[in-house]
Amino acid sequence: IGNCLTSIIKEDKYKTISTSDALGTITAYYDLIEKKIYIDEERSDTIEWYPLDVELRELVSIERNKNKQKEVLGEMRESVTIISKKKQGYVRKIEGTYYFHPDYRLNKSIYANHKSDFWDLFVNESGSVSIRNEIYNYPLYKSTYEAIEIQKRPVSESEFVIDSNKVWVAGEVIR
């Protein structure tokens, strides 16, 4: 999907910046108070937004993996595995294993309505930031994202300003 993914996290919002030679830069803004995701593609004049408090898949299972750990950022880390399925499309089942760093806590109550990709369940179980994601989209592909560095620093509100010169539209939610 990309060459590099950067995440910037505040208590009530976060954003991800994905860069790709083929796709350019795609920034996703997650507003946990307004319960919306805004997608800003560098090569588009439109910003699409989607509801954050709606899950479009069916949960099959969630499991905390205390004994099955992996080394990430120099230490053995626990993970949470979430399996879900879709009724439509080429991807029928998604199995994600998310390793977390317990020193970087998230407020569970603020994430309670982050239904997209069952992230509310991950945060409720781990209480922490994900630092390695292994996601299988059956039967098509597997993607892996792993943190190589965490920088603890003040985060400014200006880092979450969305381009007001673009057209903002509600994205089409496909169930």
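Preceding this paragraph is the structure being described.
Quantities reported herein were computed from a predicted structural model and do not represent experimental measurements.

Here is what the cut-offs are and how they apply
Residues numbered from 1 in each chain as written. Predicted model: local features only at pLDDT ≥ 70, side-chain atom pairs only at ≥ 80, totals over all residues. Heavy atoms only, no water. Pairing = 2+ DSSP bridges. Helix = DSSP H or I, 4+ residues; strand = E, 2+ residues; numbered from the N terminus. Axes fitted to C-alpha atoms, helices over the stretch in contact; angles between N-to-C directions. Contact = heavy atoms within 4.5 Å. Buried < 20%, exposed > 50% of the residue type's maximum accessible area, 1.4 Å probe, protein only. Arc of directions from axis to C-beta. Phe/Tyr/Trp six-rings, centres within 6.5 Å; stacked < 30°, edge-to-face > 60°.

Before going further, it helps to examine the sheet that holds strand E10 (residues 141-146). Spatially, E6-E7-E8-E9-E10 is the arrangement adopted by the 5 strands of the open sheet, whose pairing is antiparallel. Edge strands, defined here as strands with exactly one partner in the open sheet, are strand E6 (58-72) and E10. Strand-to-strand twist in this sheet, taken as the mean axis angle between neighbours without regard to direction, amounts to 20 degrees. Here strand E7 (residues 75-85) pairs with strand E8 (residues 93-105) via 7 bridges, running antiparallel. Bridge assignment links Ile-82 to a residue of E8, and that residue is Gly-96. Strand contacts of helix H1 (residues 119-126): E6, E7, E8 and strand E9 (128-138), with the helix running at about 40 degrees to E8, the strand carrying the most contacts.

Moving on to unusual backbone geometry. In the segment running from Tyr-138 into Pro-139, the intervening peptide bond is cis, with an omega of 0 degrees. With respect to the helices, strands and loops of the structure, Pro-139 is situated in the loop between E9 and E10. The phi dihedral of Lys-35 is positive, around 60 degrees, even though this residue is not glycine. The exposure class of Lys-35 is partly exposed, given its relative accessible area of 27%. Backbone geometry at Phe-118 places phi at a positive 60 degrees, although glycine is not the residue there. Secondary-structure assignment places Phe-118 in the loop between E8 and H1.

Working note: α-helix, 3.6 residues per turn, so residues spaced by three or four point in the same direction. Of the residues making up H1, those classed as buried are Trp-119, Asp-120, Phe-122, Val-123 and Ser-126. The buried residues of H1 occupy an angular sector of 160 degrees when projected down its axis, which confines them to one face. On its buried face, H1 is in contact with strand E2 (13-20), E6, E7, E8 and E9. Remark: Gly-127 follows H1 within two positions and exhibits a positive phi of approximately 65 degrees.

Let us look at the packing of aromatic side chains. Geometry of an aromatic ring pair is reported as the spacing of the ring centres plus the angle between the planes. What the rule picks out here adds up to 8 aromatic pairs. Their ring planes at 90 degrees and their centres at 5.0 Å tell us that Tyr-98 and Trp-119 sit as a pair that is edge-to-face. Of the two residues, Tyr-98 is situated in strand E8 and Trp-119 in helix H1; the sequence distance between them amounts to 21 residues. The class for Trp-119 is buried, based on a relative accessible area of 13%. Look at Tyr-98 and Phe-122: their rings are 5.8 Å apart centre to centre, the planes differ by 65 degrees, and that puts the pair in the edge-to-face class. Note that Tyr-98 is positioned in strand E8 and Phe-122 in helix H1, a separation of 24 residues in sequence. Phe-122 matches Tyr-98 in its accessibility class, with the two residues each being buried.

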